[in-house]
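Commentary on secondary and tertiary structure
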Amino acid sequence: MSNKMWGGRFSSGPDAIMEEINASIGFDYRFAAQDIRGSKAHVAMLAESGIVSHDDAQAIARGLDQVLGEIEAGTFTFSRALEDIHMNVEARLAEIVGPGAGRLHTARSRNDQVALDFRLWVRDAIDQLDEQAEALQRALAEKALEHADAVMPGFTHMQSAQPVTFGHHLLAYVEMLARDRGRFADARKRLNECPLGSAALAGTSFPINRDRTAAALGFDRPTANSLDSVADRDFVMETLAACSICAIHLSRFAEEIVLWVTPQFAFVKLSDKFTTGSSIMPQKRNPDAAELVRGKTGRVIGALNGILMVMKGLPLAYSKDMQEDKEGSFDAVQSLSLCLAAITGMVRDMTPDRARMKASAGAGYATATDLADWLVRTLGMPFRQAHHVTGSIVKIASDAGCDLEGLTLAQIQAVEPSITQDVFSVLGVDQSVRSRTSFGGTSPANVEARAKAWLSALGTG
């Protein structure tokens, strides 16, 4: 008895181990909607091209709708013996329609079928991730506008550097997410070519209309080379690269949240919605959501590395190795989607402690650069000299155990006699941030304008 899937060439079924390693239905069932959408477009084109009858095409389309309904209702039985989503759908279609269901596979192969399904799925995933990234941008911009003038320390090397505003800090991530969305858009544009009709690897002798199926499925055009069409997974690798960069941005922010909610920083508070307790220490409020965002980034990057390794040594065209392109991709998109949702929730939930942040911003001689700039601007001193003078004044303050504002004019003039009382106008953190008016700077006026511009560009959501 010949194998039902592979025809007369095989006289018996696969060994149990072969079935175990070969089957993909355990994960590619996620392609069900995309697979059926592609099949409906394909059979409609076959009918328009006179390759199958309109009656058969209509019966197949109705049958495919029934199959999708069963899958969505949870009444469909997936069979490992049928390997993948394509054969599971086709087998059930044959039960509904009869032998005419076999006409659906005319002028196509599972190779171009899975390439199509995967492109459709990745395109849908990109649209979902982009929508979530936009929502996070909006949440950040709203919070930035609310706290455009809230002073906090800016860091380099995790040491206090110069005062910035909380709103300015949040807007940095809005800019990062804009680039992330740009990468998703670029990936979507490049993947938006339809491989259907490339068949196994060489195209088909049937008079198909690939432009018709491409248009019906929302693609810009059909792919131009049948070998490349079935062997290409660039679109997955590029999307996972964009996912990885986005996940890294979220992880960096998550790490900052972890720091900010510690008693040592105490810059922000998170409610019970995004924290957990300890089984032994009743005082604890743990930022587990932020920590998990940080941890899940490894899964996203791992998925990218996995597919790069799968594809690096494959000759054209399709090889079964490429079945390993899916599970990691599904997990990466799901993980990134969850991380975007979690970060968005924490941004909306967090309450900054403005007084605490401002007090911390004034520590560590964070306005030393403002003093150096004043020496250059007011006294005409070369910056390198001003840098040296400022360092000497900072040392005096350090030895005296006070901040720069706590020094007397006499103490400052002991280093540079030409300094006047006006210098104290730049030594406070509020004056410092207000002075940073250059384009892209942290002044509250800049932050307010930029936050409003972003909210206008993002719309109401």
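Right, let's walk through the structure included here. (Residues numbered from 1 in each chain as written. Predicted model: local features only at pLDDT ≥ 70, side-chain atom pairs only at ≥ 80, totals over all residues. Heavy atoms only, no water.)

1. Things to note about the packing of helix α6 (residues 110-146) against helix α18 (residues 444-458)
- α18 packs onto α6 with a crossing angle of 150° between their chain directions and a minimal axis gap of 9 Å. By the angle between their axes, α6 is roughly antiparallel relative to α18. Like other packed secondary-structure pairs, α6 and α18 cross with a definite hand, here left-handed. Here Glu134, Gln137, Arg138, Ala141, Glu142, Ala144 and Leu145 of α6 lie close against α18, whose contacting residues are Val447, Glu448, Ala451, Lys452, Trp454, Leu455 and Leu458.
- Looking at side-chain class alone, the contact of α6 with α18 contains eight nonpolar, one polar and five charged residues. (Axes fitted to C-alpha atoms, helices over the stretch in contact; angles between N-to-C directions. Helix = DSSP H or I, 4+ residues; strand = E, 2+ residues; numbered from the N terminus. Parallel < 35°, antiparallel > 145°, perpendicular 65-115°, else oblique. Left-handed = near helix turned anticlockwise from the far one by under 90°. Contact = heavy atoms within 4.5 Å. Nonpolar A, V, L, I, M, F, W, Y, C, P; charged D, E, K, R; others polar.)

2. What about the environment of phenylalanine 118?
- Note that phenylalanine 118 resides in helix α6.
- Residue phenylalanine 118 is classed as buried on the basis of its relative accessible area, which comes to 0%.
- It is 25 Å that separates the C-alpha atoms of phenylalanine 118 and glutamine 58, two residues lying 60 residues apart in sequence.
- Contacts of phenylalanine 118, omitting those with residues within four sequence positions, involve Phe31, Arg233, Phe235, Val236, Asp325, Lys326 and Ser329. (Buried < 20%, exposed > 50% of the residue type's maximum accessible area, 1.4 Å probe, protein only.)

3. Side note on the pairing of strand β1 (residues 151-156)
- For β1 and strand β2 (residues 159-165), the ladder comprises six bridges, and the chain directions are antiparallel. The residue of β2 that forms the bridge with threonine 156 is glutamine 159.
- Count of turn residues in the β1/β2 antiparallel hairpin: two residues, of which histidine 157 carries a positive phi of about 55°. (Pairing = 2+ DSSP bridges.)

4. Comments concerning helix α15 (residues 383-400)
- Taking 1.5 Å of rise per residue, the 18 residues of α15 would be expected to cover 26 Å, and the 25 Å separating its terminal C-alpha atoms lies within 8% of that figure.
- Among the residues of α15, Ala386, Val389, Thr390, Ile393, Val394 and Ala397 are the ones counted as buried. Projection of α15 onto a plane perpendicular to its axis shows the buried side chains occupying an angular sector of 145°, all on one side. In α15, the exposed positions angled more than 90 degrees off the buried face are occupied by Arg384, His388, Lys395 and Asp399. (Expected span 1.5 Å × (residues − 1). Arc of directions from axis to C-beta.)

5. Examining the nonpolar core
- If you look at the biggest cluster of nonpolar residues, it comprises 95 residues, and the most contacted ones within it are Phe253, Leu336 and Ile343.
- The element best represented in this core is helix α10 (residues 234-260), accounting for 14 residues.
- Apart from the residues lying within four places of it in its own chain, the contact partners of isoleucine 343 are Leu136, Leu250, Phe253, Ala254, Ile257 and Val293.
- If you look at the next biggest cluster of nonpolar residues, it comprises 19 residues, including Ala372, Val394, Leu407 and Ile419. (Core = buried A, V, L, I, M, F, W, Y, C linked by side-chain atoms within 4.5 Å.)

6. A word on the packing of aromatic side chains
- Overall, the coordinates contain 12 aromatic pairs when judged by the stated rule.
- For the pair tyrosine 29 and phenylalanine 78, a centre-to-centre distance of 6.2 Å together with 55° between the ring planes defines the contact as tilted. Placement of the pair is tyrosine 29 in the loop between α2 (25-28) and α3 (32-48) and phenylalanine 78 in the loop between α4 (54-73) and α5 (85-97), with a sequence separation of 49 residues.
- Taking the relative accessible area as the measure of exposure, tyrosine 29 reaches 36% and is therefore partly exposed.
- Their ring planes at 85° and their centres at 5.7 Å tell us that phenylalanine 118 and phenylalanine 235 sit as a pair that is edge-to-face. Taken together, the positions of phenylalanine 118 in helix α6 and phenylalanine 235 in helix α10 put the pair 117 residues apart, joining distant regions of the chain. The burial state of phenylalanine 118 is the same as that of phenylalanine 235; both residues are buried.
- Clustering of aromatic rings is evident, with ring pairs tying together Phe31, Phe118, Trp121, Phe235 and Phe330.
- Geometry around phenylalanine 219 places arginine 123 over its ring, the cationic atom sitting 4.6 Å from the centre. (Phe/Tyr/Trp six-rings, centres within 6.5 Å; stacked < 30°, edge-to-face > 60°. Lys NZ or Arg CZ within 6 Å of the ring centre and 35° of its normal.)

7. Describing α5
- Between its first and last C-alpha atoms α5 spans 18 Å; for 13 residues at 1.5 Å apiece the expected length is 18 Å, and the two agree.
- Considered for burial, the residues of α5 that qualify are Ile85, His86, Met87, Asn88, Val89, Glu90 and Leu93.
- Looking at the packing, one finds that the buried side of α5 touches α2, α3, α4 and α6.
- Measuring from the backbone nitrogen of histidine 86 back to the side-chain oxygen at the start of α5 gives 3.1 Å, which picks out aspartate 84 as the cap.
- With its phi angle positive at about 100°, glycine 98 sits one or two positions after the end of α5. (Polar contact = N/O pair within 3.5 Å; in protein donor to acceptor, adjacent residues only side chain to side chain.)

8. Overview of a nonpolar patch on the surface
- Side chains of Leu201, Leu227 and Leu316 sit close together on the surface and give an oily, nonpolar patch of about 270 Å² of accessible area.
- In this fold, leucine 316 is placed in the loop between α11 (288-311) and α12 (327-349). (Patch = residues over 30% accessible without salt bridge, like charges linked within 9 Å, V, L, I, M, F, W, Y side chains within 5 Å. Areas by Shrake-Rupley, 256 points an atom, 1.4 Å probe, with all protein chains shown as cover. Salt bridge = Lys/Arg side-chain N within 4 Å of Asp/Glu carboxyl O.)

9. Some words on the pattern of salt bridges
- Under the counting rule described, the total for this entry stands at 26 salt bridges.
- Measuring nitrogen to oxygen at the nearest pair gives 2.9 Å for the salt bridge that ties lysine 326 to aspartate 325.
- Given a relative accessible area of 3%, lysine 326 falls into the buried group.
- Note on aspartate 325: relative accessible area 2%, which makes it buried.
- One salt bridge in this structure joins arginine 436 and aspartate 373, with 3.4 Å as the shortest N-O distance. On the criterion of sequence distance, the pair formed by arginine 436 in the loop between α17 (429-435) and α18 and aspartate 373 in helix α14 (residues 368-379) is long-range, its members being 63 residues apart.
- A residue is classified by how much of its surface remains accessible, and aspartate 373, at 22% relative accessible area, is partly exposed.
- Salt bridges linked by common partners bring Glu83, Asp84, Arg110 and Lys320 together as one network.

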